[in-house]
Amino acid sequence: QVQLVESGGGLVQTGDSLRLSCAASGRSYGTWAFGWFRQAPGKEREFVAAISGTGSTTNYAGSVKGRFTISRDKAKNMVYLQMNNLKPGDTAVYYCATDPLVSVWSTTGYRYWGQGTQVIVSS
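Let me sum up the structure you'll find in this document. (Residues numbered from 1 in each chain as written. Predicted model: local features only at pLDDT ≥ 70, side-chain atom pairs only at ≥ 80, totals over all residues. Heavy atoms only, no water.)

**Things to note about the overall build of the protein chain**
Scanning the protein chain from N- to C-terminus turns up 0 helices and 11 strands. Computed over the C-alpha atoms, the radius of gyration of the protein chain is 13 Å, within 12% of the 14 Å expected from 2.2 N^0.38 for a compact globule of 123 residues. Expressed as a percentage of its 123 residues, the buried residues of the protein chain come to 46%. Taken as a whole, the protein chain presents about 6,200 Å² of accessible surface, with 48% of it coming from carbon and sulfur. (Helix = DSSP H or I, 4+ residues; strand = E, 2+ residues; numbered from the N terminus. Rg over C-alpha atoms; globule rule 2.2 N^0.38 Å. Buried < 20%, exposed > 50% of the residue type's maximum accessible area, 1.4 Å probe, protein only. Areas by Shrake-Rupley, 256 points an atom, 1.4 Å probe, with all protein chains shown as cover.)

Structure, rendered in structure tokens:
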């Protein structure tokens, strides 16, 4: 139904910036909320940021607020995560997710996921 492909990860140093991209394809995702999640080595997956179907409302985890920005370009079927001032604690595999029933204020319940893109921040 919906396919998500993340890209843009890489190996960077503390203080650097990266922009992750999530390319969406399929049917009926244009009005759905999207979220970014990450999973660090040895840890469970955690919520990072979310954006509403219209793109007008965003939600961020406290650990990334002020450093990360989620956005979407509906014309290009893309969702982005701009990550600034990266820290070693941001090292993780980052996943894009979407779901027709999840609001921007929910951090659980997403059923459609991408394959992830690796971000490594060295100290």
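**Description of the state of the cysteines**
One pass over the structure, following the stated rule, counts 1 disulfide. There is a disulfide in this structure between Cys22 and Cys96, and the S-S distance comes to 2.2 Å. With the S-S dihedral at roughly -80°, the linkage between Cys22 and Cys96 falls on the left-handed side. In this pair, Cys22 is assigned in strand β3 (residues 18-26) and Cys96 in strand β9 (residues 92-99), connecting sequence segments 74 residues apart. Here Cys22 and Cys96 have matching classes, each one buried. (Disulfide = S-S within 2.5 Å.)

**A closer look at the side chain of Asn59**
You can see Asn59 is positioned in strand β6 (residues 58-60). On the basis of relative accessibility, which here comes to 14%, the residue Asn59 falls in the buried class. In contact with Asn59, not counting residues within four places along its chain, are Phe47, Val48, Ala49, Ala50, Val104 and Trp105. (Contact = heavy atoms within 4.5 Å.)

**Comments concerning the nonpolar core**
As a rule of thumb, nonpolar side chains are buried together in soluble globular proteins. By size, the foremost hydrophobic cluster in this structure holds 37 residues, and its most contacted members are Trp36, Leu81, Met83 and Tyr94. Every element with two or more residues in this core is listed here: β1 (2-7), β3, β4 (33-39), β5 (46-51), β7 (68-73), β8 (78-83), β9 and β11 (117-122). Beyond its immediate chain neighbours, meaning those up to four positions away, Leu81 contacts Leu18, Arg19, Leu20, Trp36, Val48, Ala49, Phe68, Thr69, Ile70 and Tyr94. (Core = buried A, V, L, I, M, F, W, Y, C linked by side-chain atoms within 4.5 Å.)

**Regarding the side chain of Asp99**
Secondary-structure assignment places Asp99 in strand β9. In this structure Asp99 comes out as buried when scored by relative accessible area, which is 1%. A distance of 2.9 Å separates a polar atom in the side chain of Asp99 from the backbone nitrogen of Leu101. Engagement of the side chain of Asp99 in a polar contact is seen with the side chain of Arg111, the distance being 2.7 Å. For Asp99, the contacting residues outside a window of four places in its chain are Trp32, Ala33, Gly109, Tyr110, Arg111 and Tyr112. (Polar contact = N/O pair within 3.5 Å; in protein donor to acceptor, adjacent residues only side chain to side chain.)

**Concerning the sheet that holds β7**
Reading across from one edge, β1-β3-β8-β7 is the order of the 4 strands in this open sheet, with antiparallel pairing throughout. Strand pairing shows two members of the sheet lacking a second neighbour, β1 and β7, which therefore form its edges. Neighbour-to-neighbour, the strand axes of this sheet turn through a mean angle of 15°, independent of strand direction. (Pairing = 2+ DSSP bridges. Axes fitted to C-alpha atoms, helices over the stretch in contact; angles between N-to-C directions.)

**A closer look at the pairing of β4**
Among the 7 residues of β4, 6 are classified as buried, and the element is accordingly described as predominantly covered. As judged from the 7 bridges shared by β4 and β9, these two strands associate in the antiparallel manner. Across the sheet, the residue bridging to Gly35 is Ala97, located in β9.

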